[in-house]
Amino acid sequence: MSLPPDFTVLQVTPELNSGGVEQATLDVNRALAAAGARSVVASEGGRLEQRVGDDGGRLVRVPVASKNPLTILANAGRLAEIARREGVDVIHVRSRAPALSALIAARRTGLPLVSTYHGIYSARNGLKRAYNSLMTRADLVIANSGFTRDHILAEHGVDPARVALVPEAVDAGRFNPEAADAGRIAALRAAWGLSPDDDRRIALLPGRLTGWKGQRVLIEAWAAARPPMVLILAGDDQGRTAYRAELEAMIAANGLEDAVRIVGEVADMPAAYLAAEVICTPSLEAESFGRTAVEAQMMGRPVWASDLGASRETVDPAVGGDLVSPGDVAAWTVALQRIAQTPTAELRAMGERAGERARRLYAFDAMVAATFAVYRRAVDRAAS
């Protein structure tokens, strides 16, 4: 669906470092500019901020990552002023921290508010549940997967008519196995400390270093299975130096220094997926979408993921890869043994089938059209 000329969207995103929220923000920013609309992003910025301007949008710095009540109230005024100055048609908030600020700004300006529910937020008490529910007070709520939609309906009792299912998408142009040259792959392998004649199979776990991503489980399973492969843990520790030190100690204690490597943030993820033969995402908590699983499959790599959350949508064992009991070291040990025993040609065939499915279900153009349709619907609702 197209947008009217000069249609302007204000996306509110706490930071622009790494993660699904940030990537979704940048995707829509690029799509708006390509469609001839105007994109404004209110954020504290981060490593990826330059892409906002490079792709045709405009970044406005606002401390929207803050949870300080006074800052939240001040941000409401800042966002309202930005909306008036920029001629905004829709405000789109993507995180809980700025949700109240965006809600107040929308009410002050009379603009429709759209939210995207990107995560499955824990709620151990009524106060936390109320905080989480801020994301559902928008005029329309986007769920980034069927799993997330079901959670919103069950947890918050939202009218189903206000919830739109718009699965996140992956840019098949960027994540294209034909587009990554051998030099980029070789450079990554060298950066990971692998010599050109090291023919061991590589398993990649892409994800920030945090406990719920399951790095501990996979290291324990690796120690038990001892597969003739190399495990690459690729992701930023985001200041969690104690957790990284814990993982390094586990690796050393099990004598896995040559088999398991922590390599930090990887900028060239398409090449990283191609440098590996298989991808593992052993998350201990449900992924609301799980972008890395889709990216990897688009690059022709089969994925072994935890059997919970949206991974049940993004990974189909009948096509390629498998779903493994979450947190179950014994189950992951068996999975690693099976991966090691699977012929390379069979792994490649799995990856090709998974790639075809991912490109069909998570096309960038389909996500853009569905998001634009929500914007138009939000404007029409506000006018009625």
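Residues numbered from 1 in each chain as written. Predicted model: local features only at pLDDT ≥ 70, side-chain atom pairs only at ≥ 80, totals over all residues. Heavy atoms only, no water.

Student: Please give an account of the pairing of strand β9 (residues 229-234) that cites residues and values.
Tutor: Counting buried positions over the six residues of β9 gives six, a clear majority of the element. Covered by surrounding structure in β9 are M229, L231 and L233 together with V230, I232 and A234, the residues of both alternating faces. Two elements, strand β8 (residues 201-206) and β9, share six bridges in a ladder whose sense is parallel. Residue pairing for β9: L204 is matched across the bridge by I232. Viewed along the sheet, the connection from β8 through helix α8 (residues 215-225) into β9 turns out right-handed. (Buried < 20%, exposed > 50% of the residue type's maximum accessible area, 1.4 Å probe, protein only. Helix = DSSP H or I, 4+ residues; strand = E, 2+ residues; numbered from the N terminus. Pairing = 2+ DSSP bridges. Right-handed = clockwise from strand over helix to strand, strands pointing away.)

Student: For the side chain of S43, give the residues involved together with the corresponding values.
Tutor: Following the sequence through the fold, S43 ends up in strand β2 (residues 38-43). At a separation of 3.2 Å, a polar atom in the side chain of S43 contacts the main-chain carbonyl oxygen of P14. For S43, the residues in contact, after removing those within four places along its chain, are T13, P14, E15, L16, L59, V60, R61, V62 and V64. (Polar contact = N/O pair within 3.5 Å; in protein donor to acceptor, adjacent residues only side chain to side chain. Contact = heavy atoms within 4.5 Å.)

Student: Help me get a handle on the nonpolar core, residues and values and all.
Tutor: Among soluble globular proteins, nonpolar side chains are generally buried collectively. Judged by nonpolar contacts, the single largest core of 33 residues is most densely connected at W192, L204 and Y273. Among the nonpolar cores identified, the runner-up in size contains 31 residues, and W222, A223, V324 and I339 belong to it. (Core = buried A, V, L, I, M, F, W, Y, C linked by side-chain atoms within 4.5 Å.)

Student: Give me the lowdown on the packing of aromatic side chains, citing residues and values where you can.
Tutor: Tallied over the full model, the rule gives four aromatic pairs. Residues F7 and Y375 carry aromatic rings whose centres are separated by 6.5 Å and whose planes lie at 25° to one another, so their mutual orientation is stacked. With F7 in the segment before β1 (8-12) and Y375 in helix α15 (residues 364-383), this pair connects stretches of sequence that are 368 residues apart. Each member of the pair, F7 together with Y375, is buried. When the centroid spacing of 5.5 Å and the interplanar angle of 80° are considered together, the rings of F289 and Y362 count as edge-to-face. Of this pair, F289 sits in the loop between β11 (278-281) and α11 (291-298) while Y362 sits in the loop between α14 (344-361) and α15, and the two are 73 residues apart along the sequence. With relative accessibility at 7%, the residue Y362 sits in the buried group. In this structure an aromatic cluster arises from ring pairing among F7, F372 and Y375. (Phe/Tyr/Trp six-rings, centres within 6.5 Å; stacked < 30°, edge-to-face > 60°.)

Student: Hey, could you go over the pattern of salt bridges for me, with residue numbers and the actual values?
Tutor: Per the counting criterion, the structure on display carries 19 salt bridges. Two residues, R47 and D236, come together in a salt bridge whose shortest N-O distance is 3.4 Å. Taken together, the residues R47 in the loop between β2 and α2 (50-54) and D236 in the loop between β9 and α9 (241-253) connect sequence positions 189 residues apart. Taking relative accessible area as the criterion, R47 reaches 49% and is therefore assigned partly exposed. D236 sits in the buried class, given a relative accessible area of 19%. The partner of R200 in a salt bridge is D258, and the shortest N-O contact between them spans 3.1 Å. Taken together, the residues R200 in the loop between α7 (182-191) and β8 and D258 in the loop between α9 and β10 (260-264) connect sequence positions 58 residues apart. A cluster of three or more residues bridged by salt bridges with shared partners is formed by R38, R58, R85 and E86. (Salt bridge = Lys/Arg side-chain N within 4 Å of Asp/Glu carboxyl O.)

Student: With reference to specific residues and values, describe unusual backbone geometry.
Tutor: Even without a glycine there, the phi angle at D6 is positive, about 65°. Looking at where D6 falls in the secondary structure, it is placed in the segment before β1. Using a relative accessible area of 56% as the deciding quantity, one classes D6 as exposed. A positive phi angle is found at R226, which is not glycine, with a value near 50°. A relative accessible area of 45% means that R226 is categorised as partly exposed.

Student: How would you sum up the sheet that holds strand β5 (residues 113-117)? Please name residues and give values.
Tutor: One open sheet holds the seven strands; their spatial order is β3-β2-β1-β4-β5-β6-β7, and the pairing between them is parallel. One side of each edge strand has no neighbouring strand; the edge strands of this open sheet are β3 (58-61) and β7 (163-165). Shown here is a sheet whose adjacent strand axes are inclined to one another by a mean of 25°, direction ignored. Of the strand pairs in this sheet, β5 and strand β6 (residues 140-143) are connected by four bridges, and their pairing is parallel. Looking across to β6, one finds that T116 is bridged to I142. (Axes fitted to C-alpha atoms, helices over the stretch in contact; angles between N-to-C directions.)

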